[in-house]
Amino acid sequence: MSQGLINILSPKPISFSEFKKLKEEFKGKIKDADSGIKALLEDYWDVPYYFSDDQDGGCWSSVRDAAHLYVLLNYLLYGRPGMPFDTTKFYRQFFEDSHDNIKEFIVNIAAQKPAKLERDVQVDLVLGSIYKIKKYFLENNRIKDIRGASTIIKYMNEELTRQFLSQRYIEECALYCGGGNVLMLLPGGQGSEACRQLEECFAKVSLTAKVAFEFISCTINELFNDYSQKMRALHERIEERKKTKVYPINPDSDLEEIVIDGKKIDFTCVERINSRGEVCRLCSVRDAKYIVITPEGRMAACPSCMRKNMVGKDKAIFYEEYQRVIGRSPKWDVASISDLKDSHGHVAVIYADGNNMGNVVMNIRNPLQNMYFSRKVDYTTKRCVYSAIHKVMRDHARFEAIALGGDDVFIIVPGDVSLEIVNEIIEGFDRSFNYELTMSAGICIAKHNTPLQSMFQVAQAKLKSAKALARESGVKYGTVDVEVIESNISVDLSTSRWALFPTDSLKLSKFINVIKRMKDTKGINRSQLYKFRHAARELKPYEFQLFYAYQTARLSQDYSTFVAEIFGVDPRRFSGLIENPNAHKGKPFVSPWEDIVMLWDCVGGGEDSVS
Amino acid sequence: MKVRLNFISPFVVGGIKLVSNYIESIDYIPGNVIRAALARYILNNCHYYDPDEVVTIDGIQKKNWVYFKDKPRCSDCKLQTLCQKLGDIRISFFYPKDTMVIPSTLMMCKMDPHHGFVDRLIQQPRCAKCEGGRGRVEFVSGLLKDGKKYNVVKSFVTRTAINRYTGTAKDGSLYSLLAVSATLQDQNTGYEENVFEGQILGLTPQELSIIDELRIGKYTSVGLGRCNVTVMDEKMDTPDVSKVIQSLKEFDAQYKRNNGINDDGCRYFAIKFISDAKLDFGFADVNEYMSTDQYKAVWLKALGINLDVQVEKVYAEVFNFRGYDTSKVGEDKREQPVHMVEKGSVIVFKTHLAFDKVIDYFGSLEGFGQDTDNGFGKFDYHFGGVC
Ligand SMILES: [Zn+2]
Ligand SMILES: [Zn+2]
Ligand SMILES: [Zn+2]
């Protein structure tokens, strides 16, 4: 395994003496803790665990993961489903200096050496996936309904799954859960029933989210020594299920309430419709059974949309996380997309994900690496997004996150800070993974009242072209593409109308830097840039060059200096237009002013307050 | 007969959503959309068209309904036979010129789209053309042209929403249309065309050639969806049965080899949907757990196949669809929701029967599910790969 991959799949090494200090410190912390050990361990997810001072192998597990696995293996070997199991005892035992064969087993697994448990048992490896999530989110354009859908997905994926495990088994059975996926290791013979119960449970809550659970049976030794093959088999089974499964059209269940993060949402108080045959106004497909109250009045809603609507009435789920990471709450509680508009009325949908993720996953050799990697991706993505928002908007932070988990980013921010935020996210992500993994992003900027579904559609198309650039050019950095939807202008999604985009984050940093210097330069202003753009659209190239020469002689040579810098051309030879490198394919010149105006409007904002 | 639609303005078909202000056109045209356009054409040219007339069809009251009125001026009406035959003609889905539907078992190289496809049914899921021969692949869907994944050109149009009653702008909200504007676009010359092809059965070329211009899809009143209609040819080729059997045998052998099946007693064959299919799965609101094998049995039942075969594998996309019936009288123009199996879906069957029995049976089927007269539920055998 390459050093680069090892760095991604295991925590950064520390010195053994440093480790011993941390371990003593942790043992002190858990001395009096009863059941809180699991929570305390979360802070040690990125600290390597050394079983001995001469442990080699280069690939370590984290303290958290090693302890988890220790408890889980003990449970699988000695526990019984439905019977109480004292996880605290085994956590303590793990941190004691005594050796046992389970610790030995974990050492060997972590070091990627052959590992064998003397006493082997059958286990069921269960994989669950909530798929086509974006379709579930985007059944309509209303931010609160989308937020509700997003909250329900997160609730099922995390809280509900943990509840399920702690009621029947132990929570440690989950190797990971988040971003719509769950992987868990259960006692042998439990897989089939667990898959059924989890699918039923998820269907009962969300009604229309698409969910599949599958499992395979093997022994612990087989699983840990042939992990990638087992995972492949499991993935194949779940893919088959996804492609075969058919969902009811008008599902309903007798669920009366759900409790998310301690907050009860009651569905029994919602008004019911008596008449039959009315169509849900929120999804426009299913039969309505309820009346929900919206800012636009009373609306007939199906059971699924009613739940999204009720859940989404509350504050966005991602604000608390933002506060945990940044240390303060975002300034604005966004109630509608228009709360996010910049001084020109623009908002931006950012849709991003990691490149090359599949290649890393393909190289994962054991559950420890899997546990570490999925957590690292999740933490890194969130931290990068929140830090980027904070860094760019400071005290004026306002955003809406629709999906943020795993390597998935789907957020909405004011238009005039969108490019900087994207750039910060990508730089942070790429750096965290030593450029072994990079992130690409698609941005759609439009007036705040543009339907979200259209903006998402465009952002998705732009992410695709950004990813194509990352793939084809072999650049080391993450990439970005952007589109601006203006009213009554038609946009062709199959081609880029920019000279500078798609681009990579290194170049984008340069653009941003130059634009900011431009903004600090007296004598350069937005209306003049708009004039240039307009003239370049209307005039023939030589007419425009004359116009440009006259204007800049009168105004300032700074325009040429900056634009030439952004486009990487000689400022003395810059005549207002850029020579087309593909001149044989059409026009001899392209206008730089489309890009310049767009950059100007999407960089350097963040201080404007909402109107 | 094969029919060509040459669009002279972009079109929007399908996907209307009243609440969302966002309408994206699909990149193909179901037969019922063409039928509706023909009906509109007839009504616009009918001497006896009465927009308020209500007729009852199968117990449902309808307006704007085309039927032959057999009145004095009908006898010398140019559209007489079209008008008389409209209810009986069969119309297929129309697709962009020279394209075909990608079977859902195809996977494409993740690194380089030029590396081509592998078919999951008869090949292992990796790209042999990548370095080391183990490149990662992913499932693809949509349309194929010249062996490559194909996309129509769609244009984004954002407009201020107009209140349909007052004609004024609605509370500042916008709506967007994503319309199909070209099937072919040459960056160098700027040449563009927007041409779709399909089949219409039960009409003669002369009867169809009367139509100078059709208006297809939504927003036709603002100029979208204008197209010329031309007849390509009359005859349809019927496939050679022995060749089909040969291809089925080859697929069977390849499928067995790829999946390590060693059983001469059973045979495998696959079909692919070349249009969307409206299937009745029999459950509208039951939310009961079923195993993957139980779902396969449900598929067999929904397909309504009356032959000794089993469903072995399903590679399908199914979505819930609720259409509009604009001819319905009253405010409620919605149809009942149905399960729509997306074009490209592939189903693998296992049987002990000989292939000539299979061909006899499947050859007798018009298609699967409802609305086959409008091209829904059409299928072909799938022999693996791009074919
Ligand atoms: Zn609904
Ligand atoms: Zn007539
Ligand atoms: Zn390849």
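The text that follows walks through the structure, step by step, so that each part is easy to find. Small disclaimer: the values here were computed from a predicted structure and weren't measured.

**Some points on the packing of aromatic side chains**
All names here are of chain B.
Working step 1: Following the criterion strictly, the structure yields 60 aromatic pairs over all chains and no others.
Working step 2: Judged by centre distance (5.8 Å) and plane angle (85°), the rings of Phe 7 and Phe 196 are edge-to-face. In this pair, Phe 7 is assigned in strand β1 (residues 2-7) and Phe 196 in strand β17 (residues 195-201), connecting sequence segments 189 residues apart.
Working step 3: For Phe 7, a relative accessible area of 6% gives the class buried.

**Focus on the pattern of salt bridges**
Working step 1: Applying the stated criterion to the full structure yields 56 salt bridges over all chains.
Working step 2: With a shortest N-O distance of 3.0 Å, Lys 132 of chain A and Glu 317 of chain B are connected by a salt bridge. Pair noted here: Lys 132 of chain A is in the loop between β1 (122-131) and α7 (133-137) and Glu 317 of chain B is in the loop between β22 (309-315) and β23 (318-321), and the two residues belong to different chains.
Working step 3: The salt bridge partner of Glu 53 of chain B is Lys 69 of chain B, with a shortest N-O separation of 3.3 Å.

**Observations regarding the coordination of the zinc ion (ligand 3)**
Residues and elements named next belong to chain B.
Working step 1: In this structure, Cys 109 (SG), His 115 (ND1), Cys 127 (SG) and Cys 130 (SG) serve as the protein donors to the zinc ion (ligand 3), at separations of 2.0 to 2.3 Å.
Working step 2: Its four donor atoms give the zinc ion (ligand 3) angles of 100 to 117° at the centre, a pattern that matches the tetrahedral case.
Working step 3: Counting gaps between the donor residues of the zinc ion (ligand 3) yields the pattern C-x5-H-x11-C-x2-C. In this pair, His 115 sits in the loop between β8 (106-109) and β9 (117-119) while Cys 130 sits in the loop between β9 and β10 (137-139), placing the two residues 15 residues apart along the sequence. Here the two residues His 115 and Cys 130 agree in accessibility, since each one is buried.

**Some details on the coordination of the zinc ion (ligand 1)**
Residues and elements named next belong to chain A.
Working step 1: Ligation of the zinc ion (ligand 1) by protein atoms is provided by Cys 280 (SG), Cys 283 (SG), Cys 302 (SG) and Cys 305 (SG), these donors lying 2.3 to 2.4 Å from the ion.
Working step 2: Geometry at the zinc ion (ligand 1) is tetrahedral, judged from its four donor atoms and the angles of 100 to 117° they form at the metal.
Working step 3: When the donor residues of the zinc ion (ligand 1) are listed from N- to C-terminus, their spacing reads C-x2-C-x18-C-x2-C. The pair formed by Cys 280 and Cys 283 is uniform in burial state, with each residue classed as buried.

**A short note on helix α4 (residues 241-258) of chain B**
Residues and elements named next belong to chain B.
Working step 1: Between the first and last C-alpha of α4 there are 26 Å, a value that for 18 residues agrees with the 26 Å anticipated at 1.5 Å per step.
Working step 2: Of all the residues in α4, the buried ones are Val 244, Ile 245, Leu 248, Phe 251, Asp 252, Tyr 255, Lys 256 and Asn 258. Buried residues in α4, looked at end-on, bunch into an arc of 160°, giving them a common side. Opposite the packed face of α4, turned more than 90 degrees from it, sit the exposed residues Lys 243 and Arg 257.
Working step 3: Against the buried residues of α4 lie β20 (267-273), β22, β25 (346-351), α6 (355-363) and β26 (379-381).
Working step 4: Within two residues after α4, Gly 260 carries a phi angle of roughly 60°, on the positive side.

**What about a positive patch on the surface?**
Working step 1: Together, Arg 232 and Arg 365 of chain A together with Arg 126 and Arg 134 of chain B line one region of the surface with positive charge.
Working step 2: Within the element layout of this structure, Arg 126 of chain B appears in the loop between β9 and β10.

**What to know about the interface of chain B and chain A**
Working step 1: Listed per partner, the contact involves 57 residues of chain B and 58 residues of chain A.
Working step 2: In total, chain B and chain A occlude about 4900 Å² of area from one another, counting both sides; carbon and sulfur atoms represent 51% of this.
Working step 3: Our count for the chain B to chain A interface comes out at four salt bridges.
Working step 4: In this structure, Glu 236 of chain A engages Arg 120 of chain B in a salt bridge whose closest nitrogen and oxygen atoms are separated by 3.2 Å.
Working step 5: The interface formed by chain B and chain A contains 17 residue pairs in polar contact (both at pLDDT 80 or more).

**Quick word on the pairing of β1 of chain A**
Residues and elements named next belong to chain A.
Working step 1: Taken across its 10 residues, β1 has nine buried, putting it largely inside the fold.
Working step 2: Where β1 and strand β3 (residues 181-187) come together, seven bridges link them in antiparallel fashion. The residue bridging Leu 127 from the neighbouring strand is Leu 183, located in β3.

Definitions and cut-offs
Residues numbered from 1 in each chain as written. Chains lettered and ligands numbered in written order. Predicted model: local features only at pLDDT ≥ 70, side-chain atom pairs only at ≥ 80, totals over all residues. Heavy atoms only, no water. Phe/Tyr/Trp six-rings, centres within 6.5 Å; stacked < 30°, edge-to-face > 60°. Helix = DSSP H or I, 4+ residues; strand = E, 2+ residues; numbered from the N terminus. Buried < 20%, exposed > 50% of the residue type's maximum accessible area, 1.4 Å probe, protein only. Salt bridge = Lys/Arg side-chain N within 4 Å of Asp/Glu carboxyl O. Donors = N, O, S within 2.8 Å, 3.2 Å for Na, K, Ca; no water. Tetrahedral: all angles 85-135°; square planar, octahedral: opposite > 155°, others 65-115°. Expected span 1.5 Å × (residues − 1). Arc of directions from axis to C-beta. Contact = heavy atoms within 4.5 Å. Patch = residues over 30% accessible without salt bridge, like charges linked within 9 Å, V, L, I, M, F, W, Y side chains within 5 Å. Areas by Shrake-Rupley, 256 points an atom, 1.4 Å probe, with all protein chains shown as cover. Lys, Arg positive; Asp, Glu negative; His and termini not counted. Charge placed at Lys NZ, Arg CZ, Asp CG, Glu CD. Buried area = accessible area lost by both parts, 1.4 Å probe. Polar contact = N/O pair within 3.5 Å; in protein donor to acceptor, adjacent residues only side chain to side chain. Pairing = 2+ DSSP bridges.

Without other data, these values stay purely geometric and don't point to any function.
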